There are 2 protein chains.
Amino acid sequence: MPGLSEFELIETLLKPLAVNAPGAFALADDAAIMPEPLEGHVLVITKDALAVGSHMLFDDPPGDMARKALRVNLSDLASMGASPVGFFMALCIGRDTKDRFLKEFISGLAEDVDRFSIPLMGGDIIRQDGPFIVTITAVGSVKREDVLRRSHAEPGDSLWVSGTVGDGALGLLSARGQLGTLSARSQAFLSNRYRVPQPRVETGLFLAGLVSACTDVSDGLLADVDHICKASGVGCRIEQDAIPLSPAAKEVVQSNKGLWQTILTGGDDYELAFAVPAARGAAITDLMRTGPIQLTRIGIFEPGSGTTLVRADGVGVHWEQLGFQHE
Amino acid sequence: MPGLSEFELIETLLKPLAVNAPGAFALADDAAIMPEPLEGHVLVITKDALAVGSHMLFDDPPGDMARKALRVNLSDLASMGASPVGFFMALCIGRDTKDRFLKEFISGLAEDVDRFSIPLMGGDIIRQDGPFIVTITAVGSVKREDVLRRSHAEPGDSLWVSGTVGDGALGLLSARGQLGTLSARSQAFLSNRYRVPQPRVETGLFLAGLVSACTDVSDGLLADVDHICKASGVGCRIEQDAIPLSPAAKEVVQSNKGLWQTILTGGDDYELAFAVPAARGAAITDLMRTGPIQLTRIGIFEPGSGTTLVRADGVGVHWEQLGFQHE
């Protein structure tokens, strides 16, 4: 058991993360009181768990682990069009967790608490006989009529995605040393994309009330677009050539076309995938030109069900050509 | 890895727990939308984590583990005077977790979802290489001016406690077979008190707006009363003889006086400890006569700091007499 007591952890390291939340009572009560939502706003809540060895690698920097744990939750808030309000955290300290790990973890977390203006409002610390696990519950606020759901895409809406796709899953391969022939620069870029996602909070706020459906790319582009299709009762054609790849991902598929499977199904991108009605195309194009992040039109929703991958000429891509079978 | 996929777990077992929460979207979106609080109400949120081997015993019935995980959170809501709104759960499935365990766990959870009218609104399922861990985030609602805090006890307020104290910690000893000479009936009673806490939700709702401070007895009576003292800037004298013990706990201390230490510091009782201003004494006495649960006056807050244990004649009890040292 590390030398840091639960009391020291809370008093010294965690309490400073709660100063901007009056309702957190300096982490010294049984529960926190949420601030009253703005007129016409609702609170949205999401919860994610991450374990070392499963969602983070044993030798990832602890500060990056903390940022990832918070950011995957922020990505969920972004995909609802919500702005961050506060978060709750359970630290499940494992059998091998060192004091130094905890200090670096919380120090990394503190940076993101500032960066995303999201105070810690409560939680729990336990010790257990497994790997280090962190679960975070994030609370956001969004105007009731602007909430982004997965369920309102219509045939004719176009499918857009923020940023570049596939970097997260390729980054995991890179961090594991499985992309040995790749340039060091690309390796570093991809690993970092895996370790420290960039939740698209600003973009989500802009899209709120503007697009018809939205989700974040966490399970893999095809699976996540399929979630929109299922929830909306539509199908979707995705143009493979339109999918935005980072220079590093392009370098990867140039040498190994089979890794398109990883790009399309690997997940961990934390970009936003969203459905844009024709009437809203101009607003999105404006945002594409002036906004903080690249937005790319990659497909179109249609009557029916399921996600189809096509070439620019509309011909369907068989999964076998990509070296894998569609599940 | 168990045969149940995450999809099956959610679709078959968890989705039914979400039917009464429209904002949970059948667990099929990135986050849940909280219902708008009633006029003048605020949402309160608490989060607790429990691991098998640490907070639950390996051979506890899985359904009881689920009930305990939910109920310790309900107890936190009760101590704020809040009524349950919904909860979020992260299931961290361990290396040895079996399908049957998960089914029984969720089946036990389902019973309490009904009993306490608290729907599941979201969460996460992960697999990891340690013991089974569950973290729950519970959301409650309470009238803004009625929120119970730890911080408003005044000198002269009396200290009350619901139910009986010490059963939880003695129950852990019993469940571990460490109270061998105790009658089977008392063993069963105490073990059950450890495994399945009774959160005092109704009592908390009644106390809201009536008492000056409240907390739940989770860390141990002395520690939890001390939390009120610290938060309120007061001291407290507790009359040892007034502390309500169950018949089983009485049987325990009759044969081993040293176990008073366990009763006073062991925790896991999930009763409410609260401060009653003199003017509110009559209302509490009424509740004591007609309410669902025994309420007992066990002490008085006073100027100063710290918690003192005294006999009925006011003479201080030295910790050494109880066989332990006060931390």
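The structure reproduced in this document is the subject of the present report. (Residues numbered from 1 in each chain as written. Chains lettered and ligands numbered in written order. Predicted model: local features only at pLDDT ≥ 70, side-chain atom pairs only at ≥ 80, totals over all residues. Heavy atoms only, no water.)

**Here's the deal with the overall build of chain A**
Secondary structure summary: chain A contains 10 helices and 11 strands in total. What you see for chain A is a C-alpha radius of gyration of 21 Å, in line with the 20 Å of a compact globule of 327 residues. Judged by the C-alpha coordinates and their principal axes, chain A covers about 65 × 50 × 35 Å. Going through the 327 residues of chain A one by one, you find that 61% of them count as buried. Counting only contacts in chain A whose residues sit at least 6 apart along the sequence, the fraction spanning at least 24 positions is 85%. Of the roughly 12,800 Å² of accessible surface on chain A, a fraction of 50% belongs to carbon and sulfur atoms. Computing the positive centroid from 28 side-chain charges and the negative centroid from 41, chain A places the two 4 Å apart. (Helix = DSSP H or I, 4+ residues; strand = E, 2+ residues; numbered from the N terminus. Rg over C-alpha atoms; globule rule 2.2 N^0.38 Å. Buried < 20%, exposed > 50% of the residue type's maximum accessible area, 1.4 Å probe, protein only. Contact = heavy atoms within 4.5 Å. Areas by Shrake-Rupley, 256 points an atom, 1.4 Å probe, with all protein chains shown as cover. Lys, Arg positive; Asp, Glu negative; His and termini not counted. Charge placed at Lys NZ, Arg CZ, Asp CG, Glu CD.)

**Details of the interface of chain B and chain A**
With 49 residues of chain B at the interface, the matching set in chain A holds 49 residues. Buried surface at the junction of chain B and chain A, both sides included, amounts to about 3,900 Å², of which 56% is carbon and sulfur. On the chain B side of the interface with chain A, the three residues burying the most area are D30, I45 and K47 of chain B, jointly 20% of the side's total. Where chain B touches chain A, the interface holds eight salt bridges. A salt bridge links R150 of chain A to D29 of chain B, with the nearest nitrogen and oxygen atoms 3.9 Å apart. Inspection of the region where chain B meets chain A yields 30 residue pairs in polar contact (both at pLDDT 80 or more). (Buried area = accessible area lost by both parts, 1.4 Å probe. Salt bridge = Lys/Arg side-chain N within 4 Å of Asp/Glu carboxyl O. Polar contact = N/O pair within 3.5 Å; in protein donor to acceptor, adjacent residues only side chain to side chain.)

**Side note on the relation of the copies chain B and chain A**
For these two chains of identical sequence, chain B goes onto chain A by a turn of 180° and a shift of 0.0 Å along the axis, with RMSD 0.0 Å. Look at the turn and shift together and you get a two-fold axis relating the two. When each C-alpha of chain B is compared by its distance to the rotation axis, G130 of chain B comes out closest, at 1.9 Å. When the interface residues of chain B are mapped onto chain A, 100% of them are again interface residues, pointing to one common binding face. (Least-squares fit on C-alpha atoms with pLDDT ≥ 70 in both.)

**Regarding unusual backbone geometry**
The residue A26 of chain A is not glycine, and still its phi comes out positive at about 55°. Mapping A26 of chain A onto the fold places it in the loop between α1 (6-14) and β1 (32-33). In the Ramachandran plot, S117 of chain B falls in the positive-phi region, its phi being about 50° despite a non-glycine side chain. Among the secondary structure elements, S117 of chain B is positioned in the loop between α3 (99-115) and β4 (120-127). Residue class for S117 of chain B comes out exposed when judged on its relative accessible area of 54%.

**As for the pattern of salt bridges**
For the structure shown, the criterion picks out 38 salt bridges over all chains. Among the salt bridges present, the one from E104 of chain B reaches R100 of chain B, with a minimum N-O distance of 2.9 Å. Of the two residues, E104 of chain B and R100 of chain B both sit in helix α3, four residues apart, roughly one turn of that helix. Overall, E104 of chain B belongs to the partly exposed group, its relative accessible area being 33%. With relative accessibility at 62%, the residue R100 of chain B sits in the exposed group. Ionic pairing is found between R289 of chain B and D286 of chain B, a salt bridge with its closest N-O pair at 3.9 Å. In this pair, R289 of chain B and D286 of chain B both sit in helix α10 (residues 281-290), three residues apart, roughly one turn of the helix. Accessibility expressed as a relative area gives 45% for D286 of chain B, which makes it partly exposed. Connected through shared salt-bridge partners, D29 and D30 of chain A together with R149 and R150 of chain B make up one network.

**Details of helix α2 (residues 62-79) of chain A**
With 18 residues, α2 of chain A should reach 26 Å at 1.5 Å per residue; the first-to-last C-alpha distance of 26 Å fits that figure. With 18 of 18 residues buried, α2 of chain A lies mostly within the body of the structure. (Expected span 1.5 Å × (residues − 1).)

**Some points on the packing of aromatic side chains**
Applying the stated criterion across every chain yields a total of six aromatic pairs over all chains. Chaining the aromatic ring pairs together yields one cluster made of F101, F105 and F132 of chain A. (Phe/Tyr/Trp six-rings, centres within 6.5 Å; stacked < 30°, edge-to-face > 60°.)

**Quick word on the sheet that holds strand β8 (residues 235-239) of chain B**
All names here are of chain B. One open sheet accounts for six strands, arranged β7-β9-β6-β10-β8-β11; its pairing is mixed. Edge strands, defined here as strands with exactly one partner in the open sheet, are β7 (213-216) and β11 (306-310). Ignoring strand direction, the axes of neighbouring strands in this sheet form an average angle of 25°. Direction of pairing for strand β6 (residues 158-162) relative to strand β9 (residues 272-276): antiparallel, over a ladder of four bridges. Bridge assignment links L159 to a residue of β9, and that residue is A275. Where helix α2 (residues 62-79) meets the sheet, it contacts β7 and β9, and its direction lies at approximately 175° from that of β7. (Pairing = 2+ DSSP bridges. Axes fitted to C-alpha atoms, helices over the stretch in contact; angles between N-to-C directions.)

These figures come from the coordinates and say nothing about function on their own.
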